[in-house]
Amino acid sequence: MLLLKEKIINEGVVVNNSILKVDAFLNHQIDPELMMELGREFSQRFAGKNVTKILTIESSGIAVALTTALFFHVPVVFARKQKSSIMNENSYSTQVFSFTKNTTNNVSVLKKFLPPNENILILDDFLANGEAAMGLAELVRQAGSRVVGIGIVIEKSFQPGRRRLLEAGYQVEALARIKAFENGRILFADDNE
Ligand code: G4P
């Protein structure tokens, strides 16, 4: 998506050869017009999937999940993260390990907000190793609902997340795909790579 690529080039900061800082428009400060356009794009890419609910994870997935939900006219649910795993009979929960932050979070959602037989679109800001997306898909499985697609704002294609999600059988749509950082420059993957 050209608009997003331009934003990343103009306002993203390459921290090292694996991390991109996008706190100017996505992870800290949020650009609402950009979020609307990302939402519009996701709604087009997943049109025809009969999405009935959007599931994301706090915190940075929420903004784009909300604008996408406006186009689909469906609710957004965000999974909560806790350091400890407090089991709760009212919640579905699973463990998500972050390679980037070297932490494990217990990710949970109240059962009443994730009923069975829904068509769930999973959205998140970054795709690196795919742990967060796989964890969200596990919550959907526990609920007895279906994952109809996984939408990602920025995919780091040099990490294994996309391959894992494709191998698990999910449709993955990433709005910007980065194949490498090279001497502080951002190299985008072609959409067919
Ligand atoms: P994975 O889910 O694909 O396996 O990714 P990973 O665990 O490695 O990422 C953990 C956290 O780090 C996520 O944020 C993810 O969005 C973020 N992240 C991964 N790579 C980058 C990057 O290159 N740049 C930035 N800015 N963030 C990255 P989180 O812990 O869920 O935090 P939040 O911002 O959503 O609250």
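Keep in mind that what you see is a predicted model, and the values were worked out from it rather than measured.

Analysis parameters
- Residues numbered from 1 in each chain as written.
- Predicted model: local features only at pLDDT ≥ 70, side-chain atom pairs only at ≥ 80, totals over all residues.
- Heavy atoms only, no water.
- Helix = DSSP H or I, 4+ residues; strand = E, 2+ residues; numbered from the N terminus.
- Buried < 20%, exposed > 50% of the residue type's maximum accessible area, 1.4 Å probe, protein only.
- Contact = heavy atoms within 4.5 Å.
- Axes fitted to C-alpha atoms, helices over the stretch in contact; angles between N-to-C directions.
- Left-handed = near helix turned anticlockwise from the far one by under 90°.
- Nonpolar A, V, L, I, M, F, W, Y, C, P; charged D, E, K, R; others polar.
- Near = heavy atom within 4 Å.
- Polar contact = N/O pair within 3.5 Å; in protein donor to acceptor, adjacent residues only side chain to side chain.
- Areas by Shrake-Rupley, 256 points an atom, 1.4 Å probe, with all protein chains shown as cover.
- Pairing = 2+ DSSP bridges.
- Parallel < 35°, antiparallel > 145°, perpendicular 65-115°, else oblique.

Topic: the environment of N117
Along the chain, the position of N117 falls in the loop between β6 (103-110) and β7 (119-127). A residue is classified by how much of its surface remains accessible, and N117, at 59% relative accessible area, is exposed. When the C-alpha atoms of N117 and S145 are compared, they prove to be 4.5 Å apart, with 28 residues separating the residues in sequence. Apart from residues no more than four positions distant in its own chain, N117 is found in contact with G144, S145 and R146.

Topic: the packing of helix α1 (residues 2-11) against helix α2 (residues 32-45)
Axis separation between α1 and α2 bottoms out at 10 Å; the angle between their running directions is 145 degrees. Relative to α2, α1 is oriented so that their crossing is left-handed. Listed contacts from α2 to L3, L4 and K7 of α1 are L34, E37 and L38. Here the residues of the contact of α1 with α2 sort into four nonpolar, no polar and two charged.

What about the site of the ligand?
Taken together, 22 residues lie near the ligand, and L20, S60, K81, T100 and K156 sit nearest. Taking K81, its side chain carries an N or O atom lying 2.7 Å from an oxygen atom of the ligand. In this structure, a nitrogen atom belonging to the ligand sits 2.7 Å away from a side-chain N or O atom of K156. Relative to its unbound accessible area of 710 Å², the ligand is 86% covered by the protein chains. Looking at the shell around the ligand, the elements that each hand over two or more residues are β5 (91-98), β7 and α4 (131-143). Of all the elements, β7 adds the most residues to the shell around the ligand, at three residues. Here the residues of the shell around the ligand sort into eight nonpolar, eight polar and six charged.

Comments concerning unusual backbone geometry
With an omega of 0 degrees, the peptide bond between E58 and S59 qualifies as cis. Here S59 shows up in the loop between β3 (53-57) and α3 (62-72). Positive phi, normally seen in glycine, also occurs at H73, with a value near 60 degrees. For H73, the location among the structural elements is in the loop between α3 and β4 (76-82). Assessed through its relative accessible area of 71%, H73 is described here as exposed. The backbone phi angle of N183 is positive, close to 50 degrees, even though this residue is not glycine. Within the fold, N183 resides in the loop between β9 (172-182) and β10 (185-188). Taking relative accessible area as the criterion, N183 reaches 81% and is therefore assigned exposed.

Notes on the sheet that holds β9
Taken in spatial order, the eight strands of this open sheet run β5-β6-β4-β3-β7-β8-β9-β10, and their pairing is mixed. Each of the sheet's edge strands pairs with one partner strand only, and the pair in question is β5 and β10. Direction aside, the axes of adjacent strands within the sheet are offset by 30 degrees on average. When β3 meets β4, the two strands line up parallel, connected through four bridges. Across the sheet, I57 pairs through a bridge with A79, a residue of β4. Its contacts with the sheet place α3 against β3, β4, β7 and β8 (146-156), and it is angled at close to 175 degrees to β3.

Some words on the packing of α2 against α3
In the contact formed by α2 and α3, the axes pass within 8 Å of each other and the chain directions differ by 55 degrees. By the angle between their axes, α2 is oblique relative to α3. For the element pair α2 and α3, the recorded crossing hand is right-handed. Residues M35, M36, L38, G39, R40, F42 and S43 of α2 pack against A63, V64, T67, T68, L70, F71 and F72 of α3. Tallied by class, the residues present in the contact of α2 with α3 amount to nine nonpolar, four polar and one charged.

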